[in-house]
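Below are the chains, spelled out letter by letter.
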2 protein chains.
Amino acid sequence: MSHGAPSLLDRLSLNQETLRQWSLPELADGCARAGVRGVGLWRAPVQQYGVAAAARLIRDAGLRVSSLCRGGFFTALEPGERAAALDDNRAALDEAAALGTDTLVLVSGGLPPGSRDLAGARERIADALGELAPYAAERGVRLALEPLHPMYAADRCVVSTLAQALDLAERFPADRVGVVVDTYHLWWDDTVGAQIGRAGGTGGAAGSRIAAFQLADWVTPLPEGVLLGRGQLGDGSVDLRWFRERVEAAGYRGPVEVEIFNPALWARDGAEVLAEVVRRVRTHVG
Amino acid sequence: MSHGAPSLLDRLSLNQETLRQWSLPELADGCARAGVRGVGLWRAPVQQYGVAAAARLIRDAGLRVSSLCRGGFFTALEPGERAAALDDNRAALDEAAALGTDTLVLVSGGLPPGSRDLAGARERIADALGELAPYAAERGVRLALEPLHPMYAADRCVVSTLAQALDLAERFPADRVGVVVDTYHLWWDDTVGAQIGRAGGTGGAAGSRIAAFQLADWVTPLPEGVLLGRGQLGDGSVDLRWFRERVEAAGYRGPVEVEIFNPALWARDGAEVLAEVVRRVRTHVG
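None of the values given here were measured: they were computed from a predicted structure.

On to the packing of helix α5 (residues 79-99) of chain A against helix α6 (residues 118-138) of chain A. All names here are of chain A. With their axes 10 Å apart at the nearest point, α5 and α6 run at an angle of 40° to one another. Where α5 crosses over α6, the handedness of that crossing is right-handed. Together, Arg82, Leu86, Asn89, Arg90, Leu93 and Asp94 of α5 and Arg124, Asp127, Ala128, Glu131, Leu132, Tyr135 and Ala136 of α6 make up the contact between the two elements. Class assignment for the residues of the contact of α5 with α6 results in six nonpolar, one polar and six charged.

Residue and element names in this part refer to chain B. Every second residue of strand β5 (residues 142-145) is oriented toward a common face, with Arg142 and Ala144 on one face and Leu143 and Leu145 on the other, all of them buried. The pairing of strand β4 (residues 103-107) with β5 spans four bridges and is parallel. Paired with leucine 104 across the two strands is leucine 143, which belongs to β5. Regarding the hand of the β-α-β motif, the stretch spanning β4, helix α6 (residues 118-138) and β5 is right-handed. Each parallel crossover has a hand, and the one from β5 via helix α7 (residues 162-169) to strand β6 (residues 177-182) is right-handed.

Attention shifts here to the interface of chain B and chain A. Chain B puts 30 residues into the contact, and the matching count from chain A is 30 residues. With both chains or domains summed, chain B and chain A bury close to 2,400 Å², and 60% of this area falls on carbon and sulfur atoms. Where chain B touches chain A, the interface holds zero salt bridges. Looking at the side of chain B that touches chain A, its residues break down into 14 nonpolar, ten polar and six charged.

A word on the pairing of strand β3 (residues 64-72) of chain A. Residues and elements named next belong to chain A. Judged by how many residues are buried, β3 sits mostly within the fold: seven of nine residues are covered. Bridging between strand β2 (residues 38-42) and β3 involves five bridges; their strand directions are parallel. For tryptophan 42, the partnering residue across the bridge sits in β3 and is cysteine 69. Note: β3 against strand β4 (residues 103-107), four bridges, orientation parallel. Bridging from a neighbouring strand, glycine 72 pairs with valine 107 of β4. You can see the chain leave β3, run along α5 and come back into β4, and the turn it takes is right-handed.

Under the counting rule described, the total for this entry stands at eleven aromatic pairs over all chains. Summarising the aromatic geometry, the rings of Trp187(A) and Trp218(A) are spaced 5.8 Å apart at their centres and angled 40° between planes, so their arrangement reads as tilted. Within this pair, whereas Trp187(A) is found in the loop between α8 (183-186) and α9 (192-200), its partner Trp218(A) is found in strand β8 (residues 217-218), the two being separated by 31 residues in sequence. The residues Trp187(A) and Trp218(A) share a single accessibility class, namely buried. Three or more aromatic residues link up through ring pairs in this structure, and these residues are Tyr184(A), Trp187(A) and Trp218(A). The lysine or arginine in question, Arg139(B), covers the ring of Tyr135(B), its NZ or CZ lying 3.5 Å from the ring centre. Of note, Arg230(B) hangs over the ring of Phe261(B), and the distance from its end group to the ring centre comes to 4.1 Å.

Residues and elements named next belong to chain A. The strand order β1-β2-β3-β4-β5-β6-β7-β10 describes a closed barrel built from eight strands, whose pairing is parallel. Geometrically, the sheet is characterised by an average inter-axis angle of 30° between neighbouring strands, direction not taken into account. Where strand β5 (residues 142-145) lies against strand β6 (residues 177-182), three bridges are found, and the strand directions are parallel. Looking across to β6, one finds that alanine 144 is bridged to glycine 178. Helix-sheet contacts for α5 involve β2, β3, β4 and β5, and the interaxial angle to β3 is about 175°.

Moving on: unusual backbone geometry. Cis geometry marks the peptide bond from Cys69(A) to Arg70(A); its omega dihedral reads -5°. Mapped onto the fold, Arg70(A) is located in strand β3. Note the cis peptide between Thr220(A) and Pro221(A), where omega equals 0°. You will see that Val226(A), though not glycine, has its phi angle at about 55°, which is positive. Exposure remark for Val226(A): the relative accessible area of 2% places this residue in the buried category. Of note in this structure, Phe73(B) is not a glycine but carries a positive phi near 55°. Among the secondary structure elements, Phe73(B) is positioned in the loop between β3 (64-72) and α5 (79-99).

Turning to the relation of the copies chain B and chain A, a few remarks are in order. In screw terms, the move from chain B to chain A is a rotation of 180° and a rise of 0.0 Å along the axis, fitting with an RMSD of 0.0 Å. On this basis, the relationship between the two copies can be described by a two-fold rotation axis. Among all residues of chain B, the one whose C-alpha sits closest to the rotation axis is Glu224(B), at a distance of 1.9 Å. Of all interface residues in chain B, 100% are interface residues in chain A too; the two copies therefore contact each other through one and the same surface.

What follows covers the sheet that holds strand β10 (residues 256-258) of chain B. Residue and element names in this part refer to chain B. Spatial ordering of the closed barrel is given by β1-β2-β3-β4-β5-β6-β7-β10, a layout of eight strands whose pairing is parallel. Averaged over all adjacent pairs, the angle separating strand axes in this sheet is 30°, with direction ignored. Pairing of strand β1 (residues 12-15) with strand β2 (residues 38-42), which is carried by three bridges, proceeds in the parallel orientation. Note on β2: the bridge partner recorded for leucine 14 is valine 39. Sheet contacts for α7: β5 and β6; angle to β6, the most-contacted strand, approximately 170°. Strands in contact with helix α12 (residues 270-284) are β1 and β10; relative to β1, the strand with the most contacts, it is inclined by about 135°.

All names here are of chain B. Position of proline 112 relative to the elements: it lies in the loop between β4 and α6. Judged by relative accessible area, proline 112 falls into the buried class, the value being 11%. For the pair formed by proline 112 and leucine 77, sequence separation is 35 residues and the distance between their alpha carbons is 6.9 Å.

Right, let's talk about the pattern of salt bridges for a bit. Evaluated as defined, the whole model comprises 36 salt bridges over all chains. Note that Asp29(A) and Arg33(A) form a salt bridge whose closest N and O atoms lie 2.9 Å from each other. Within this pair, Asp29(A) and its partner Arg33(A) are both found in helix α2 (residues 24-34), separated by four residues, close to a single helical turn. Arg33(A) gets classed as exposed once you look at its relative accessible area, which sits at 69%. Taking the shortest distance from any N to any O, the salt bridge between Asp87(B) and Arg90(B) comes out at 2.8 Å. Here the residue Asp87(B) and the residue Arg90(B) both occupy positions in helix α5, the gap between them amounting to three residues, near one helical turn. With relative accessibility at 49%, the residue Asp87(B) sits in the partly exposed group. Classification of Arg90(B) as partly exposed rests on a relative accessible area of 23%. A single salt-bridge network, built from bridges that share partners, covers Arg11(A), Arg244(A) and Glu248(A).

Criteria and thresholds
Residues numbered from 1 in each chain as written. Chains lettered and ligands numbered in written order. Predicted model: local features only at pLDDT ≥ 70, side-chain atom pairs only at ≥ 80, totals over all residues. Heavy atoms only, no water. Axes fitted to C-alpha atoms, helices over the stretch in contact; angles between N-to-C directions. Helix = DSSP H or I, 4+ residues; strand = E, 2+ residues; numbered from the N terminus. Left-handed = near helix turned anticlockwise from the far one by under 90°. Contact = heavy atoms within 4.5 Å. Nonpolar A, V, L, I, M, F, W, Y, C, P; charged D, E, K, R; others polar. Buried < 20%, exposed > 50% of the residue type's maximum accessible area, 1.4 Å probe, protein only. Pairing = 2+ DSSP bridges. Right-handed = clockwise from strand over helix to strand, strands pointing away. Buried area = accessible area lost by both parts, 1.4 Å probe. Salt bridge = Lys/Arg side-chain N within 4 Å of Asp/Glu carboxyl O. Phe/Tyr/Trp six-rings, centres within 6.5 Å; stacked < 30°, edge-to-face > 60°. Lys NZ or Arg CZ within 6 Å of the ring centre and 35° of its normal. Least-squares fit on C-alpha atoms with pLDDT ≥ 70 in both.

So, in structure tokens, the structure goes:
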């Protein structure tokens, strides 16, 4: 066994939506067979399987849960909706803790119907983080704010750049609120390298805001609705290796999670796709 | 006749792609009847009609050409392709001068096939601007660099923010290279207000980089290919009035051009759509 830094394959995590064709037991078994040590999970399939049973299944397969997707959707104006969102996020934090992950990914939410007030929506996100941070800390889970590509700003996430995510996260201690660096969302931004450095902070890994590092490639044309058009690693425009080098230079040593939403991958044999992902990681990321 | 500032309706310009169902003569006649004094033209329909004939048609209808769309596509790596792009842009500048507009809108181009080098592509845009600026100045035409929404970064335009466009434009005199402020492309960016101020410069209108101001609203879901999903003014998420106030505070007094690509508008009667545009401008912009 090596005493050096863990290899890229040791750090690799497969977000389960990359292989939506697999049930949770198939995912656990398939990852273990492929030597992939981590999985990123989603709340709906975990709830369907049962949270405690899912936690046991993953643990028994020798896997770690790198992150749980997702909380968030904090931008409602209506008090009842806001309260329901906070309750749902507390449940998500409970689930994250039960699964043994320290990271809950947050998709912040878009503009409420009829609203054009981006600044107001962003402020409501800060309010929600303030309400949830103590609850998260008690469970040992960090809130991981994910900037989504600007094409989702209206209907999904008004936090569109790493700078905006850090502006929000930095109002809180680094061990309570971090950010997600997802190549699909951030690749186009010429300030992202500097912002990754900012996220790393001056205190090394301990003070880093980088709670998760997710990989997908950017391919065109985008499909209707622009949700399910992410590219297999190496098929698109993103310099994935550059991103890995930047987050590592910023002190990040955590999971490298592959999260690709693409019906063409879901139509194929899961084990074959996973083997391809591992090869692509070696070629384009390592 | 008022001696005050021109009214918003006096400054209104209709980009012809908003009413693709209209021929050039229908456009000239329809705008004149509706009291719309300006049109933004596209090269292909103008070339099809004949540049000199189009110029005469527009002039005889008492209209101004606010801008010509479009030059650009500067990012090719292959020398022959680069030379062809520059030649084509010189032809576009000739056409702009013949049409009597001082503004050629530039869509810079995406990544060449297989390339992931955004910084290199942006540098080739600067090179092309340097080659074209003297030719443009001789014709009294300003090169108007348009930042496009980040969802077009791979295949259409690697200049994704107003800050990036200004970084490029500021390498040249303000009367030679300006920028386009298009609400559809820039609305999501929390730095755009500050960047509009930067574009205005300290010298008032004379030193302003704002070469054109274009309006469209952001509506979802986006269609496949994300090109033809722009919203009628007021139907979406963009605070259009805020943008007008910002560009005016930055000293801009030029045309207010409506550029909406939307098949639902093209399927309707042109005069009815134009009347709706005018009403929407009064309600949501003025």
